[in-house]
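# Coordinates in review
As a plain string of letters, each chain reads:
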Amino acid sequence: MSTNADHLSDPDPAFPNEPVTKAPPATTPPAVPAAKHRQSLSSRIGNTWIGLIAGALILIVLLVFILQNLDQVQVGLFFWHFSLPLGVAVLLSVIGGALVMALVGGVRILQLRRAAKK
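Residues numbered from 1 in each chain as written. Predicted model: local features only at pLDDT ≥ 70, side-chain atom pairs only at ≥ 80, totals over all residues. Heavy atoms only, no water.

## Things to note about the overall build of the protein
- On a plain count of helices and strands, the protein comes out with two helices and two strands.
- For the protein, the sequential pattern of α-helices and β-strands runs α-β-β-α.
- Expressed as a percentage of the 118 residues in the protein, the buried residues total 4%.
- For the protein, the exposed area adds up to about 11,200 Å²; of that, 68% sits on carbon and sulfur atoms. (Helix = DSSP H or I, 4+ residues; strand = E, 2+ residues; numbered from the N terminus. Buried < 20%, exposed > 50% of the residue type's maximum accessible area, 1.4 Å probe, protein only. Areas by Shrake-Rupley, 256 points an atom, 1.4 Å probe, with all protein chains shown as cover.)

## Observations regarding a positive patch on the surface
- Taken together, Arg113, Arg114, Lys117 and Lys118 make up a surface patch of like positive charges.
- Checked against the element boundaries, Arg114 lands in helix H2 (residues 86-117). (Patch = residues over 30% accessible without salt bridge, like charges linked within 9 Å, V, L, I, M, F, W, Y side chains within 5 Å. Salt bridge = Lys/Arg side-chain N within 4 Å of Asp/Glu carboxyl O. Lys, Arg positive; Asp, Glu negative; His and termini not counted. Charge placed at Lys NZ, Arg CZ, Asp CG, Glu CD.)

## So, the packing of aromatic side chains
- Under the defined criterion, the tally for this structure stands at one aromatic pair.
- On the numbers, 4.9 Å between centres and 45° between planes, the contact of Phe79 with Trp80 is tilted.
- For Phe79, a relative accessible area of 65% translates into the label exposed.
- For Trp80, a relative accessible area of 45% puts it in the partly exposed group. (Phe/Tyr/Trp six-rings, centres within 6.5 Å; stacked < 30°, edge-to-face > 60°.)

Structure follows, in structure tokens:
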């Protein structure tokens, strides 16, 4: 029998039905190419500019909404009663809802952190 890995071994006459197997070739790990300096397609400054542009567009849409809804509406909250433009009233209610949502989410995050520390 040959010990060369590239050579097929001859079948053993004592075992005629045994399949002929080829030993796996000795491999060396491929050479790792030198790390190339890739230029990043995005950066923190680029992402900041995108965020600023998106924020400015949202503010423009909000301004248009408020300017188109200047009809006065009566608003009552507990014992306060006052008059506001409809657009401002809707905007304030959305801000209030977002604050309540952030408060509930913050409390839940604190609960999960306390549970993770135990």
